[in-house]
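Commentary on secondary and tertiary structure
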Amino acid sequence: MNDMRLIQRTVDMHETKIRASGVDVFYGDNHAIKDVSVYIEDKTVTAFIGPSGCGKSTFLRCLNRMNDTIPICRVTGKITLDDEDIYDPKVDPVQLRAKVGMVFQKPNPFPKSIYDNVAYGPRIHGLAGDKSELDEIVEKSLRRAALWGEVKDRLAEPGTGLSGGQQQRLCIARAVATAPEVLLMDEPCSALDPIATAQVEELIDELKQNYSVVIVTHSMQQAARVSQKTAFFHLGNLVEYGETGKIFTNPEDSRTESYITGRIG
Amino acid sequence: MTLTWLVLAVLALAAVGYVMGRSRAMASAGGEIRALHSLPRYYGWNVALTVLTPAFGLMALWLLIQPVFIDARISSQLPDAAVSETTTRSLVMSDVRRVAEGLGQIGASKPESDPDEEYLSDLKSRLGGAGVALASDIDPAVYLAAERYRAGTAIGASLMWVAVLAVAVGGFAVSYLLTNKDFRARNTVERGILLVLIAAASIAILTTLGIILSMLFETRHFFADHPWQDFFLGTVWSPDFRGDSQLAILPLLWGTLYISLIALLVAVPIGLFAAIYLSEYATPRVRALAKPAIEVLAGIPTIVYGLFALITIGPMLRDYFAQPLGLGDSSSSVMTAGLVMGIMLIPFVSSLSDDIINAVPQSLRDGSYGLGATQSETIRQVIIPAALPGIVGAILLAASRAIGETMIVVLGAGAAAAQFDRGIGELVNPFEAMTTVTVKIVSQLTGDTDFASPETLVAFALGLTLFVITLGLNVLALWIVRRYREQYE
């Protein structure tokens, strides 16, 4: 890891997009997340790292209320998006998820054509007035996901026929097409080879110009490469949160240091 | 009886083989199990299987072939004079078999001299007393043939005893002598088990083949007597046992398809919606109660559904729909049978679809929810398309059930074939009585009729046509399921 590069990385200040305070998550009797408070900035890539089972994916899924689909899951505490409480009864979780998009660990394209996969969100939310507008959204999203060149001649073919890396970029294009404000990525590269990983990382770097991106990753190199902010989770606790450069070179907590240097995990 | 003893003898030999094979293996290893290639019981099984498999295989073959062989021999020896103008050789042969069987039952011994008329008429009354009723007096030639038949069967049975026991003992000897500590008994038993499994699978396949062949033969007889154009292209079904019948499949096929269509129109939406509710919306507790409750419907015998149609649904439809609307006044109608059959099919559609919807990976649902889709949007646009091949398969399986259904139709829709000459209005009126192919197959085969007439043989042609249609549907269903199954993998 190139430590010098990390230290010298410029740190811009952005306004806070998501603010979580005192969040606890329970799966039945299991206390999965313990009193986590964190703020996520706009136009920034935030990485969640930590050993398996530390609760980083669970916390990520709280940010767009995906945990609502799990019956035994209970979330307490306050999470705001643009100063609006997302667990307020007035908030429609379906609308929220349109604003806070999600990309999953395993590529999960729908069994539809490439075009229909990308057009899925815009169609549901009525983002396109007519066919040509929809075409435009699809092309733009595929271009942003660096997939347009590879698939522009076979948009009608099933999305499931693409390679793993292409499928994951298709899922990213699908998420981007809905025009979210925040993009949550749950280990988006864990099923990909190094080349596809590099492509997705490049893409994340571009996406941060418009979105706030939160990425869960097991690869500390990846967190160091793509993120500006890093949060380290351990056993359901948020141990340390700060500038990526600082976390990786000069962590305050001994647990963070142990994890980064490979002593716990 | 003798067959039972033979089976028991072979089984006993196998049991002895198990014990002896096992102890020989142990002895060859000096009582040390670790010195053996396989566990001791494998050596025992090896001997037992080598005794059982060839012996029982030979026995099955022998039992199949012996009657055919003896029949052919006796039949060829039967003088032409014994076959009078009014009968056929096969009818005479069935007399021969019955006399031979009767002789065995009354334990008659062969007379010293050639039998005279007196002896034969006495024999006939004795046979009658034993429950073997014969229409006419016994022809001397038939009597001789029957005696030969009896003798041949007895010789065959003795030969079978000898051959089967020889094979069993031979298998015993060979496998017992092969048994020593280095013999790979485990691998041999593995192959033996494989053979048993293959045999089981072959029986299932061969039975299907046998059914098709027997249908084909009878159907050929039918088409030899009756023009196929009339059967496939005619429009009138009016069997007449004095001859001059019009036997067209179209009126029956129309009834079958119409009733099946209504049944599917009932079963597919209800079954599918029930499946969606159970798999996507219901809480685990509701699901645990509702799924078995729906599946109870599948366990009700179709005759009970038929009674329900006859005494409840039929009169209700007639009183509240058909008569007020002026569409007819019969309680047997296409609608009655279709509705009840639809109810019968609901569990087929819902249970299969439920399994298929559950098999759609959770990641697809997450993907859709993650884009801000609601539950019903996710179901409509992601889950149903992903599960569609399986659902289509379930529907086609339900369709083949509907096409083959008989009891509900007899009691719900009556037994009168559709009449094409009465005009299209009556043909498509769902409150008209109508009947299906299966019902007519039953009614053509039951009753006191000549088995060789086209009016009876038409049942086989109907059955074969139906078989081809349902086979086609099943093949189509399998093809669709296979073709699209791997989409989310």
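Note that the structure is predicted; figures quoted are calculated from it, not measured.

1. Here's the deal with the overall build of chain B
Scanning chain B from terminus to terminus reveals 17 helices and 2 strands. Here the C-alpha radius of gyration of chain B, 31 Å, is well above what a compact globule of 489 residues would show, namely 23 Å. Seen through its principal axes, chain B has C-alpha atoms that stretch 85 × 75 × 35 Å. Within chain B, buried positions represent 40% of all 489 residues. Accessible surface, chain B as shown: approximately 25,700 Å² in total, 66% of it carbon and sulfur. Counting 31 positive and 39 negative side-chain charges, chain B places the centres of these two groups 15 Å from one another.

2. Points about helix α5 (residues 131-144) of chain A
All names here are of chain A. For α5, spanning 14 residues, the distance from its first C-alpha to its last is 20 Å, which sits close to the expected 20 Å at 1.5 Å a residue. If you check which residues of α5 are buried, you get Leu134, Ile137, Val138, Ser141 and Leu142. Buried positions in α5, seen along its axis, are confined to an arc of 125° and lie on one side of it. The exposed residues of α5 that point more than 90 degrees off its buried face are Glu136 and Lys140. Where α5 is buried, its residues meet α4 (114-125), α6 (148-151) and α7 (164-177).

3. A word on the domain arrangement of chain B
With domains assigned, chain B is organised as domain 1 (2-217) and domain 2 (233-488). Between the C-alpha centres of domain 1 of chain B and domain 2 of chain B there is a distance of 44 Å.

4. Description of the sheet that holds strand β1 (residues 16-27) of chain A
Residue and element names in this part refer to chain A. With respect to topology, 4 strands assemble into an open sheet ordered β2-β1-β4-β5, the strand pairing being antiparallel. Strands at the two margins of the open sheet, each flanked by one partner only, are β2 (30-41) and β5 (84-85). In this sheet, β2 lies alongside β1 in antiparallel orientation, the contact comprising 8 bridges. Counterpart to Ile18 in the pairing with β2 is Ile40.

5. Side note on the nonpolar core
Of all hydrophobic cores here, the largest spans 65 residues; its most connected members are A:Leu142, A:Ile172, A:Met185, A:Ile204, A:Leu207, A:Val213 and A:Phe248. In contact with A:Val213, other than residues within four places in its own chain, are A:Thr44, A:Val45, A:Thr46, A:Leu183, A:Met185, A:Ile204, A:Leu207 and A:Lys208. Counting 55 residues, the second largest nonpolar core, distinct from the first, contains B:Trp237, B:Ile346, B:Ala398 and B:Val439.

6. Description of the interface of chain B and chain A
Tallying the contact residues gives 17 residues for chain B and 22 residues for chain A. When chain B packs against chain A, close to 1,700 Å² is buried across both sides, 62% of that on carbon and sulfur atoms. The interface formed by chain B and chain A includes 1 salt bridge. Notably, a salt bridge pairs A:Arg61 with B:Asp366, separated by 3.9 Å at the nearest N-O pair. Of all the elements in the fold, those that place two or more residues in the side of chain B that touches chain A are α12 (362-370) and α13 (375-404) of chain B. Per element, the largest residue contribution to the side of chain B that touches chain A is 7 residues, and it comes from α12(B). Tallied by class, the residues present in the side of chain B that touches chain A amount to 6 nonpolar, 9 polar and 2 charged.

7. Some details on the pairing of strand β6 (residues 100-103) of chain A
Residues and elements named next belong to chain A. Neither face of β6 is open: one carries Val100 and Met102, the other Gly101 and Val103, and all of them are buried. Relative to strand β7 (residues 182-186), β6 is paired through 4 bridges, and the arrangement is parallel. By the bridge assignment for β7, Met102 is matched with Leu184.

8. What about the pairing of β7(A)?
As a general feature of sheets, a regular strand has side chains that alternate between the two faces. Residues and elements named next belong to chain A. Of all 5 residues making up β7, 5 are buried, and the element is well covered by its neighbours. Burial of the side chains of β7 extends over both faces: Val182, Leu184 and Asp186 are buried on one face and Leu183 and Met185 on the other. The pairing of β7 with strand β8 (residues 212-216) spans 5 bridges and is parallel. Across the sheet, the residue bridging to Met185 is Ile215, located in β8. Once you follow β7 into helix α8 (residues 194-207) and on to β8, the crossover reads as right-handed.

9. Some words on the state of the cysteines
Residue and element names in this part refer to chain A. Scanning all chains against the criterion turns up 0 disulfides over all chains. In this model Cys62 remains outside any disulfide bridge; the closest cysteine sulfur is found in Cys73, 6.2 Å from its own. The structure places no disulfide on Cys189, whose sulfur is separated from the nearest cysteine sulfur, that of Cys171, by 12 Å.

Calculation criteria
Residues numbered from 1 in each chain as written. Chains lettered and ligands numbered in written order. Predicted model: local features only at pLDDT ≥ 70, side-chain atom pairs only at ≥ 80, totals over all residues. Heavy atoms only, no water. Helix = DSSP H or I, 4+ residues; strand = E, 2+ residues; numbered from the N terminus. Rg over C-alpha atoms; globule rule 2.2 N^0.38 Å. Buried < 20%, exposed > 50% of the residue type's maximum accessible area, 1.4 Å probe, protein only. Areas by Shrake-Rupley, 256 points an atom, 1.4 Å probe, with all protein chains shown as cover. Lys, Arg positive; Asp, Glu negative; His and termini not counted. Charge placed at Lys NZ, Arg CZ, Asp CG, Glu CD. Expected span 1.5 Å × (residues − 1). Arc of directions from axis to C-beta. Contact = heavy atoms within 4.5 Å. Domains from an automatic or database assignment. Pairing = 2+ DSSP bridges. Core = buried A, V, L, I, M, F, W, Y, C linked by side-chain atoms within 4.5 Å. Buried area = accessible area lost by both parts, 1.4 Å probe. Salt bridge = Lys/Arg side-chain N within 4 Å of Asp/Glu carboxyl O. Nonpolar A, V, L, I, M, F, W, Y, C, P; charged D, E, K, R; others polar. Right-handed = clockwise from strand over helix to strand, strands pointing away. Disulfide = S-S within 2.5 Å.

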